[in-house]
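Structural characterization, general
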Amino acid sequence: MLKSRWFQILCSLGLEFWLPLPLLGLAFWVGSGFLMDGILSRTHQTTKYLKVDSQLVQPNKTVASIEAEINEYQGISRVKVKTNSSVLKELKFEFAITEFNQLEAAISQELGLPIEEIRKLMQIKQKTNSDEQ
């Protein structure tokens, strides 16, 4: 009779529902830990590869100006190309060239424009050893 009394008290408090919840939570915690450990310790060697087209399509760009800075002391030329494109506003290049004709050819090749067009748009700034000091 004593047992049934305690059982009635537990039933009235709803403890037959609340008492197994911590055990159930512990079981889910341990189970998810084992599952996560198994998933994260797997080797992920993919068999699918991304194929990249080797010929990139460059956006249509209209060159507005070309500013070249030839630094003979360092043996490099820095070129800044400003465009009228809404997507691509400015391009920066660095060439290991200090001769003017070679620089024009390199810019022409890089931009895909004729050398005459490059000559019209190009502004050159020469830096010498005395400018560095």
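Report follows, based on the coordinates. Note that the structure is predicted; figures quoted are calculated from it, not measured. (Residues numbered from 1 in each chain as written. Predicted model: local features only at pLDDT ≥ 70, side-chain atom pairs only at ≥ 80, totals over all residues. Heavy atoms only, no water.)

**Digging into the pairing of strand β1 (residues 63-71)**
Among the nine residues in β1, seven count as buried, and that is most of the element. Here β1 pairs with strand β2 (residues 76-83) via eight bridges, running antiparallel. In the strand pairing of β2, Asn-71 is matched with Ile-76. Remark: four residues form the turn of the hairpin made by β1 and β2, two consecutive strands paired antiparallel; Gly-75 in that turn has positive phi of roughly 80 degrees. (Buried < 20%, exposed > 50% of the residue type's maximum accessible area, 1.4 Å probe, protein only. Helix = DSSP H or I, 4+ residues; strand = E, 2+ residues; numbered from the N terminus. Pairing = 2+ DSSP bridges.)

**Some words on the pattern of salt bridges**
The full count for this structure, using the stated rule, is four salt bridges. Note that Glu-67 is salt-bridged to Lys-82, the shortest N-O span being 3.9 Å. Highlighted residues: Glu-67 in strand β1 and Lys-82 in strand β2, separated in sequence by 15 residues. Owing to a relative accessible area of 31%, Glu-67 belongs among the partly exposed residues under this scheme. The shortest N-O distance in the salt bridge between Lys-92 and Glu-90 comes to 3.9 Å. Judged by relative accessible area, which is 36%, Glu-90 ranks as partly exposed. (Salt bridge = Lys/Arg side-chain N within 4 Å of Asp/Glu carboxyl O.)

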